[in-house]
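# What the coordinates show
What follows is each chain in one-letter form.
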Amino acid sequence: MSLRRIVATASRVWCQLLHDSRTLGLIFFVPCALLVLMKFVFENQRATFNEIEPLMLGTFPLTIMFLITSITTLRERTTGTLDRLMTMPIAKLDFILGYALAFTLVAAIQAALATWLVIGLLAVPVAGGALPMLIGAILGAFLGTALGLFVSAFARTEFQAVQFLPVVIIPQLMTCGLFVARDRMASWLYYFSDFMPMTYSVDAMKRVRIESSWSSTLTHDFVVVVGVAIGVLVLGAITIRRRD
Amino acid sequence: MSEPAVRLHHVSAHYGTTTALKDVSLSISSGTIIGLLGPSGAGKTTLLRIIVGCLRPSNGQVTVLGQPAGHRKLRGKVGYMTQAVSVYADLTVRQNLRYFATILGVSWSRLPGYMAEVDLTNQANQLAGTLSGGQKSRLSLAIALLGDPELLVLDEPTVGVDPVLRLQLWDIFRHQAAMGVTIIVSSHVMDEAAHCDELLLIRHGRLLAHDTPTSLCNRTHVLTVEDAFLALVKAPR
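Predicted, not measured: the structure shown is a model, and the values here were computed from it. Here the residue numbering is sequential within each chain, running from 1 through the sequence in written order. As they are written, the chains are lettered A onward and the ligands numbered 1 onward, keeping that order. Residue-level local features of this predicted model are given only where pLDDT is at least 70; pairs of side-chain atoms are given and counted only at 80 or more, and the full residue set underlies all totals for whole chains, interfaces and linings. Side-chain measures were taken over the full set of non-hydrogen atoms in the model, leaving aside hydrogen atoms and water.

## Focus: the side chain of Thr69(A)
All names here are of chain A. Counting from the N terminus, the helices are the DSSP runs of H or I reaching at least four residues and the strands are the DSSP runs of E reaching at least two. Of note, threonine 69 is situated in helix α3 (residues 46-70). Whenever a nitrogen or oxygen atom comes within 3.5 Å of another N or O atom, the pair is scored as a polar contact, on the condition that within protein one atom can donate a hydrogen and the other can accept it, and that pairs from neighbouring residues in sequence are kept only if both atoms are in side chains. Separated by 3.3 Å, the side chain of threonine 69 and the backbone oxygen of threonine 145 make a polar contact. Contacts: residue pairs with any heavy atoms within 4.5 Å of one another. Apart from the residues lying within four places of it in its own chain, the contact partners of threonine 69 are Phe103, Gly144, Thr145, Gly148, Leu149 and Ser152.

Here it is, written out as structure tokens:
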């Protein structure tokens, strides 16, 4: 592992994004637009909206970062730049961590915008305050980035890559306690959701909404999200093949 | 005699049921320009990818600069220019070079020299995606030259390039070879043979000949490499 090569890769990905203002705009704008949309969906149910909106911060950034990153290493594969890099002295983990660093920084800006929107503009009451909410959104996005980088090692085409959304993300969305409280689901599904990282991302947001002080359960949720993300990144680095 | 830069020993490669290379053995000496000639689909890219270590052969041994192909110690010593223009289209020429230079541990202060070598100094701040085809392949070549590799593997670098630029590219290759770099250049244009010290003729995954251009033509009693290729294909094996 080399910090120099990780940072070089991250800043290279940043430069690419800066030249692609449309993508950058979509990354920042889309989650905010969806959060505002929720307000109008729950126009006449303010209490429900206040309950659900913070949970969206645990799911939207994660999903969007997953989608973006799931095709990025694929692009490197199809253009031949990955082949070229793999003949150079860069560790596969440097490559993956460079991407993770770049996209997590993007996600941090996205999360800051979304947090400001929810607490400031939409005036959703959040007992825990802005900071834990911001951290939760960033960590969720970091998890999405890690999962996306991981699956992109398996896809051979962009067409395959986008199919991973219904496979990896939607089951997690359905069982994370967003639609139905987890203990109301079939018991096997409850245990299934115990193993799904998004469950912890959403649980953290639930706690931030109702708990005014930082609990050890909140720390636990965050640790699980970060731990899974790091594990998935390492797996992603292992799965990239240097030699066909 | 010094150790060969590249040595293949009974190398075969299969993709599923198709065979891309059949029992290829060869040895390339250091500091020479080798032309890898053959029609499209002959197995040229497969052979090159095996040499740079991107592809594991199904059978046989490959030694590059004294190490097994794909060895960790070879990373950075082998410059590889893929057939696709493998540069970042959404980065400028300079940003592309800076990134790969950092990965290879090459000082940024040397980058103007590389840009001058491939005649892209005026395009330094232009996005690679907006360069012409020829300019893109020269950028790709500059990246392959970064870090002063001992072996340059170039997959069809002169395809679709205008005659003036083609001569410029050959000047660069000769300049590199004069500095002791071993260069393997693939092409499906037989005219390029005249620029090479030695030729590898390949068809249907088999090595037809490994010879100097002159001796190849003398041996087959023809005037051009193209005719020599035809003679070898027709000759009873």
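Text resumes after the structure shown.
## Let's talk about the packing of aromatic side chains
Only the six-membered ring of Trp is used, alongside the rings of Phe and Tyr, when aromatic pairs are assigned; centres must lie within 6.5 Å, and planes under 30 degrees apart are stacked while those over 60 apart are edge-to-face, with the rest tilted. Counted according to the given criterion, the structure contains 9 aromatic pairs over all chains. Ring plane angle 75 degrees and centroid distance 5.3 Å describe the contact between Phe95(A) and Tyr99(A), whose orientation is recorded as edge-to-face. A residue pair is termed a helical-turn pair when its members lie 3 or 4 positions apart in one helix, as Phe95(A) and Tyr99(A) do in helix α6 (residues 92-121) at 4 residues. Comparing Phe95(A) with Tyr99(A), the two get one shared label, buried. Here Tyr99(B) and Phe100(B) contribute two aromatic rings whose centre-to-centre distance is 5.4 Å and whose plane-to-plane angle is 55 degrees, an arrangement assigned as tilted. An aromatic cluster is defined as three or more aromatic residues linked by ring pairs; in this entry it consists of Phe95(A), Tyr99(A) and Phe103(A). The criterion is that NZ of a Lys, or CZ of an Arg, lies within 6 Å of the ring centre and within 35 degrees of the ring normal, and then a charge sits over that ring. A cation over a ring is seen here: Arg84(A) above Phe100(B), with NZ or CZ 6.0 Å from the ring centre. In this arrangement the basic side chain of Arg182(A) is found over the ring face of Tyr190(A), its NZ or CZ atom lying 4.7 Å from the centre. Each residue gets one of three labels from its accessible area relative to the maximum for its type: buried under 20%, exposed over 50%, partly exposed in between, using a 1.4 Å probe on protein chains only.

## Thoughts on the pattern of salt bridges
All names here are of chain A. Each salt bridge in this description consists of a side-chain nitrogen of Lys or Arg and a carboxyl oxygen of Asp or Glu lying within 4 Å of one another. Tallying each qualifying case throughout the model produces 13 salt bridges over all chains. Among the salt bridges present, the one from aspartate 221 reaches arginine 207, with a minimum N-O distance of 3.7 Å. On the criterion of sequence distance, the pair formed by aspartate 221 in helix α12 (residues 216-239) and arginine 207 in helix α11 (residues 197-210) is long-range, its members being 14 residues apart. Connected via shared salt-bridge partners are Asp203, Arg207, Glu211 and Asp221.

## Topic: the interface of chain A and chain B
Facing 24 residues of chain A, the contacting portion of chain B comprises 34 residues. By buried area we mean how much accessible surface two parts lose on assembly, using a 1.4 Å probe and totalling the loss over both. Interface of chain A and chain B: buried area, both sides summed, is about 2,700 Å²; carbon and sulfur atoms make up 55% of it. When the buried surface of chain A facing chain B is broken down by residue, Arg84(A), Thr87(A) and Arg243(A) rank first, second and third, together holding 30% of it. On the surface where chain A and chain B come into contact, there are 2 salt bridges. In this assembly, chain A and chain B are joined by 14 residue pairs in polar contact (both at pLDDT 80 or more). Only α1 (3-18), α4 (72-79) and α5 (81-86) of chain A provide two or more residues apiece to the side of chain A that touches chain B. A total of 7 residues in the side of chain A that touches chain B trace back to one element, the largest contributor, which is α1(A). Amino acid classes used here: Ala, Val, Leu, Ile, Met, Phe, Trp, Tyr, Cys and Pro are nonpolar; Asp, Glu, Lys and Arg are charged; the rest, including Gly, are polar. When the residues that make up the side of chain A that touches chain B are grouped by side-chain class, the tally is 7 nonpolar, 7 polar and 10 charged.

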